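For reference, the chains in residue letters:
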Amino acid sequence: MLRSILTTATLLCAALTGSPAVDVPAAHAAQCAITSTLQLGSRSGQVACLEARLSELGFGTGSAPDPSFGLSTRARVVAFQTSRGLGVDGLVGPLTRAALDLHRPPAATVAPVIVEQRVISTSVQGRPILATRMGTPGGRIVLVVGIIHGDEVKGGEVTALLATLATPVGIDLWLIDTINPDGVANGTRGNANAVDLNRNFSNGWSYIAPSSEHRQYSGEAPADQPETAATEAFIREIQPEVAIWYHQDANTVSAGGARTEIPTEYAALVGLSISDVPCSQRCTGTAGSFINSTVAGATSFLVELPGSAAVTPDMIRIHAEAALTVMSH
């Protein structure tokens, strides 16, 4: 029955879009993507694709999908959004499309095989900082760092998941779960010297004194911490075109770099807005500004996840898939 439903959806997509009909495997209906917001009253082959995917995920009616977005379709979308902890509005926008895995047609990918692992340095307390390479060596170089502040750890789940997912063809992907392993181990924002590593990079560095209140001590000199110095050297070596840094808890995306359309698309895919994240003690010596000033044409940007209690496995997957989508654009 499910195979018949999915095949019908593909035939409807073909009839309405002019694409040739292709038999859709029952395992996944995402061959036809949704590229615009769908809502009550929408009519297109993309609606049929949506209905087939909802049926595949257990939100079906037993009827074949059709190209009309009616009250029944809206009720199924609301049920899906509720089950995933999404905003419940009955609209199929960027975040819902990403959760459905219908935000973009499947791209050619390279199997999730580790090409190289390298300890780029050790921390103040001797813990390794590990870089993992995936994808296509010699392709477009992308760097994703999960954790820089040791008490903002959920980004490390994004990088850990990326290490298990196929990488788009032509992407030379480097993943670092954390450049601050001591902070993670100790549950502190800074490293073992209480230095905020995102105030210690050499570009635009200026002194911020130690304080238990703001916890943004810059160190005594640019890149005077082993973690920062090693990360700078690694960045100079690999020259990433795109870099993503994960933080918490502002729940936004801060655009930067040469191509702001990349973080803008990322934000749309995960349902966040673009905004500046204020630095209470000056945005000095930040990792993103270091890359954008050091690597010609680079686009390094910051993703702020919400507080840890609000981060779900589905949210981690949505962010990982958004990263895979934008890194090849």
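The rules behind these values
Residues numbered from 1 in each chain as written. Predicted model: local features only at pLDDT ≥ 70, side-chain atom pairs only at ≥ 80, totals over all residues. Heavy atoms only, no water. Pairing = 2+ DSSP bridges. Helix = DSSP H or I, 4+ residues; strand = E, 2+ residues; numbered from the N terminus. Axes fitted to C-alpha atoms, helices over the stretch in contact; angles between N-to-C directions. Contact = heavy atoms within 4.5 Å. Buried < 20%, exposed > 50% of the residue type's maximum accessible area, 1.4 Å probe, protein only. Phe/Tyr/Trp six-rings, centres within 6.5 Å; stacked < 30°, edge-to-face > 60°. Disulfide = S-S within 2.5 Å. Core = buried A, V, L, I, M, F, W, Y, C linked by side-chain atoms within 4.5 Å. Left-handed = near helix turned anticlockwise from the far one by under 90°. Nonpolar A, V, L, I, M, F, W, Y, C, P; charged D, E, K, R; others polar.

**Considering the sheet that holds strand β7 (residues 242–248)**
Consideration 1: Within the open sheet, the seven strands sit side by side as β2-β3-β6-β4-β7-β9-β8. Their pairing is mixed. The open sheet terminates on both sides in strands that have one partner only, identified here as β2 (116–122) and β8 (252–254). Between one strand axis and the next, the sheet turns through 20 degrees on average, direction left out of account.
Consideration 2: Two strands pair when backbone bridges link them, and strand β4 (residues 140–147) and strand β6 (residues 171–178) are joined in this way by seven bridges, in the parallel orientation. Residue Ile147 lies in a different strand from β6, and its bridge partner there is Thr178.
Consideration 3: Across the sheet, helix α7 (residues 226–238) is in contact with β2, β3 (128–135), β4, β6 and β7; its angle to β2 comes to roughly 140 degrees.

**Notes on the pairing of β3**
Note on strand geometry: in a regular strand, side chains alternate between the two faces of the sheet.
Consideration 1: The buried fraction of β3 is high, at six of eight residues.
Consideration 2: Inspection of the sheet shows β2 paired to β3 by six bridges, in the antiparallel sense. Within the sheet, the bridge partner assigned to Thr122 lies in β3 and is Pro128.
Consideration 3: Between the antiparallel neighbours β2 and β3 lie five residues, among them Gly126 with a positive phi of about 90 degrees.

**Let's talk about the packing of aromatic side chains**
Consideration 1: Inspection of the entire model under this criterion finds seven aromatic pairs.
Consideration 2: The interplanar angle of 90 degrees and the centroid separation of 5.7 Å between the aromatic rings of Phe59 and Phe80 together place this pair among those described as edge-to-face. In this pair, Phe59 sits in the loop between α2 (45–56) and α3 (71–84) while Phe80 sits in helix α3, placing the two residues 21 residues apart along the sequence. The pair Phe59 / Phe80 is uniform in exposure class, with both members buried.
Consideration 3: Ring geometry for Trp174 versus Phe234: centroids 5.2 Å apart, planes at 85 degrees, classification edge-to-face. Linking Trp174 in strand β6 with Phe234 in helix α7, this pair joins segments that are 60 residues apart in sequence.
Consideration 4: For Trp174, a relative accessible area of 2% corresponds to the buried category.

**Description of the state of the cysteines**
Consideration 1: Scanning the entire structure with this criterion turns up one disulfide.
Consideration 2: Each sulfur in the disulfide pair Cys279 and Cys283 lies 1.9 Å from the other. The sign of the 95 degrees torsion about the S-S bond sets the Cys279-Cys283 disulfide as right-handed.

**Observations concerning helix α5 (residues 155–162)**
Consideration 1: Burial analysis of α5 places six of its eight residues in the buried class, which makes it a mostly covered element.
Consideration 2: The set of residues buried in α5 consists of Gly155, Gly156, Val158, Thr159, Leu161 and Leu162.

**Quick notes on the nonpolar core**
Buried together is how nonpolar side chains tend to be arranged in soluble globular proteins.
Consideration 1: Of all hydrophobic cores here, the largest spans 33 residues; its most connected members are Tyr246 and Tyr266.
Consideration 2: Among the elements of the structure, β4, α5, β6, β7, α8 (261–270), β9 (299–305) and α10 (313–326) are those that each provide at least two residues to this core.
Consideration 3: Top contributing element to this core by residue count: α10, with seven residues.
Consideration 4: Residue contacts for Tyr266: discarding those within four places in its chain leaves Ile244, Tyr246, Val253, Phe301, Val303, His319, Ala322, Ala323 and Val326.
Consideration 5: Ile120, Ile179, Ile238 and Phe290 belong to the second largest nonpolar core, which has 24 residues in total.

**A closer look at the packing of α8 against α10**
Consideration 1: Where α8 meets α10, the closest approach of the two axes is 9 Å, and the angle between their N-to-C directions is 145 degrees. Crossing geometry of α8 relative to α10 is assigned as right-handed. Counting all contacts with α8, which are made through Ile262, Glu265, Tyr266, Leu269 and Val270, the residues of α10 involved are Ile318, His319, Ala322, Ala323, Thr325 and Val326.
Consideration 2: Looking at side-chain class alone, the contact of α8 with α10 contains eight nonpolar, two polar and one charged residues.

**Considering the side chain of Asp172**
Consideration 1: In this fold, Asp172 is placed in strand β6.
Consideration 2: In this structure Asp172 comes out as buried when scored by relative accessible area, which is 2%.
Consideration 3: The contacts of Asp172, once residues within four sequence positions are left out, are Arg133, Met134, Thr136, Pro137, Gly138, Gly139, Arg140, Ile141 and Val142.

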